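Single-letter residue listing:
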Amino acid sequence: MKFKTAVSIYVFNFLEVGNKIDELVKKGVDWIHVDIMDGNFVNNYALCQKFCKDIKDKYPNVLIDAHLMCLEPQRYIKSFAENGTNHFNFHYESVTDKNTENLTKIIQEVKTFDMKAVIAINPETSPEILKPILDKVDGIMCMSIKPGFNGQKLNEMVYKNIEWLSNYKKKNKSKFFIQVDGGVREETYLKLKQSGAEIMVVGAFVNVPNEELRKQIEKIEGNL
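Everything numeric here is computed off the predicted structure, so don't read it as measured data.

How each quantity is defined
- Residues numbered from 1 in each chain as written.
- Predicted model: local features only at pLDDT ≥ 70, side-chain atom pairs only at ≥ 80, totals over all residues.
- Heavy atoms only, no water.
- Phe/Tyr/Trp six-rings, centres within 6.5 Å; stacked < 30°, edge-to-face > 60°.
- Buried < 20%, exposed > 50% of the residue type's maximum accessible area, 1.4 Å probe, protein only.
- 1 Å grid on protein atoms, 1.4 Å probe; cavity = no way out; pocket = protein on both sides within 12 Å on 5 of 7 lines; lining within 4 Å.
- Points joined across faces, edges and corners; volume = space filled by probe spheres on them.
- Helix = DSSP H or I, 4+ residues; strand = E, 2+ residues; numbered from the N terminus.
- Nonpolar A, V, L, I, M, F, W, Y, C, P; charged D, E, K, R; others polar.
- Pairing = 2+ DSSP bridges.
- Right-handed = clockwise from strand over helix to strand, strands pointing away.
- Polar contact = N/O pair within 3.5 Å; in protein donor to acceptor, adjacent residues only side chain to side chain.
- Contact = heavy atoms within 4.5 Å.
- Core = buried A, V, L, I, M, F, W, Y, C linked by side-chain atoms within 4.5 Å.
- Salt bridge = Lys/Arg side-chain N within 4 Å of Asp/Glu carboxyl O.

Draft legend 1. Structural detail: the packing of aromatic side chains. Per the stated rule, a full pass over the model turns up eight aromatic pairs. For the ring pair Y10 and F14, a centre distance of 6.2 Å and an interplane angle of 65° mean the geometry is edge-to-face. Given a relative accessible area of 18%, Y10 falls into the buried group. Taking the centre distance of 5.9 Å and the plane angle of 45° together, the rings of F14 and F51 count as tilted.

Draft legend 2. Broad picture of the layout of surface pockets. What the largest pocket holds in volume is close to 260 Å³. Only β2 (31–38), β4 (63–69) and β9 (199–202) provide two or more residues apiece to the lining of the largest pocket. For the lining of the largest pocket, the residue count by class is 12 nonpolar, nine polar and three charged.

Draft legend 3. Quick peek at the pairing of strand β8 (residues 177–181). With five of its five residues buried, β8 lies for the most part within the structure. Going residue by residue along β8, you find F177, Q179 and D181 tucked away on one face and I178 and V180 tucked away on the opposite face as well. Note that strand β7 (residues 139–143) and β8 share five bridges and pair parallel. Within the sheet, the bridge partner assigned to M143 lies in β8 and is D181. A crossover connection joins β7 to the parallel β8 through helix α5 (residues 157–172); in handedness this β-α-β unit is right-handed. Crossover β8 to β9 through helix α6 (residues 189–195) is right-handed.

Draft legend 4. Quick peek at the side chain of T125. Along the polypeptide, T125 turns up in the loop between β6 (116–121) and β7. Here E93 takes part through its side chain, which lies 2.6 Å from a polar atom of the side chain of T125. Those residues in contact with T125 that lie beyond four places of it in its chain are Y92, E93 and N161.

Draft legend 5. Layout of the nonpolar core. Ranked by internal contacts, the top residues of the largest apolar core, which has 66 residues, are I9, I32, V34, I55, L192 and M200. Element by element, the count of residues in this core is highest for α5, at five residues. Residue contacts for M200: discarding those within four places in its chain leaves K4, T5, A6, V180, V184, Y189, L192, K193 and I220. Among the nonpolar cores identified, the runner-up in size contains 10 residues, and V118, A120, I145 and F177 belong to it.

Draft legend 6. Representation of the side chain of N83. Along the chain, N83 turns up in the loop between α3 (77–81) and β5 (87–91). For N83, the side chain forms a polar contact with the main-chain oxygen of S79, separated by 2.7 Å. Setting aside anything within four residues of it in sequence, one finds N83 in contact with Q49, C52 and K53.

Draft legend 7. Structural context of the pattern of salt bridges. Applying the stated criterion across every chain, the model contains 12 salt bridges. Between K78 and E82 there is a salt bridge; the shortest N-O distance is 4.0 Å. Looking at E82, the relative accessible area reads 55%, which means it is exposed. With its nearest N and O atoms 3.4 Å apart, the salt bridge here joins R214 to E218. A residue pair is termed a helical-turn pair when its members lie 3 or 4 positions apart in one helix, as R214 and E218 do in helix α7 (residues 213–221) at four residues. On the basis of relative accessible area, E218 is assigned to the partly exposed category, the value being 46%.

This is the structure we're talking about:
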């Protein structure tokens, strides 16, 4: 199994974020996670399409993973596609009409704009509810914290969610990737990998002096 680091820029000082991305790219990071918050789905505001475009303009080979913590995220599919987004990562909980037909329509529209469709679930949401669309999405992102704020302790419900998805993927030979966001720490990253997480969204984990960056990335991306 290959493991991948996706770095969330939200944790960094915004006055220094450009320099930090420079250092991350130099150390081999090619996946940037951009948190988008609307103040409605989560009680916070953060970033917008322009951040995606600015990063993509400077680093065209970097993958932009836009994590929409917004109500009715399908409203923003086109605008994020036009601003360089590669992965459109939206919450199951944020869509009012959760029937399979509507979710499938959203996923198909995302793909029409040449983006990967990733659906996120909160720790309390069982991944089993996604069964009807698991053959349609490109990835599932398991939140291990309540979305919207940094620095929270990992909710251990995430381990069973990841394990269920990993077992389903193996049994059905599915193609979706398993991503985890939140609570990735020195004491949790190994268990997350062992549970079946393939991509880890990290913030504080790599908010370290530049000379220590590569070591932290290798912890995630190295073999178990």
